[in-house]
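# Per-entry structural report
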Amino acid sequence: MFFLYLKSSRNFMELVPENKNYIIRTPIISFIKNTPDPLEYVGIHRSYVVHIDKVTAKHNREVIVNKKKLPVNSLYQEELDRLIFQP
């Protein structure tokens, strides 16, 4: 199963696939460290990690994933700019 994006809130992480959300008690850094393929996901904000293939649009301050706007922090902008998205 893959996730469109992950949203962190303190020690909880919301996993968002296409059909149903899951909330687990673990920091987002644990997911990042243990993901099988770290090239599939990229951090865009302190609280958000997105599946690269599911980004449909990229702007300076936000990305669009499944018609949802997610914020992009300036600290992550350089890494995001290096990626080429093909919607």
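Residues numbered from 1 in each chain as written. Predicted model: local features only at pLDDT ≥ 70, side-chain atom pairs only at ≥ 80, totals over all residues. Heavy atoms only, no water.

The next subject is the sheet that holds strand β3 (residues 22–25). In space, the 5 strands of this open sheet follow the order β3-β2-β1-β5-β4, with antiparallel pairing throughout. A single partner strand is all that each edge strand has here, and the edge strands are β3 and β4 (41–45). Averaged over all neighbouring strand pairs, the angle between strand axes comes to 25 degrees, with direction disregarded. Pairing between strand β2 (residues 12–16) and β3: 4 bridges, direction antiparallel. (Pairing = 2+ DSSP bridges. Helix = DSSP H or I, 4+ residues; strand = E, 2+ residues; numbered from the N terminus. Axes fitted to C-alpha atoms, helices over the stretch in contact; angles between N-to-C directions.)

Another point: the pairing of strand β5 (residues 48–51). Of the two faces of β5, both are covered, the one formed by Y48 and V50 as well as the one formed by V49 and H51. Pairing geometry for strand β1 (residues 5–9) and β5, over 3 bridges, is antiparallel. Within β5, the residue paired with Y5 across the bridge is V50. Summarising the sheet, β4 and β5 pair through 4 bridges and their orientation is antiparallel. Directly across from G43, in β5, lies its bridge partner V49. Connecting the antiparallel pair β4 and β5 is a turn made up of 2 residues. (Buried < 20%, exposed > 50% of the residue type's maximum accessible area, 1.4 Å probe, protein only.)

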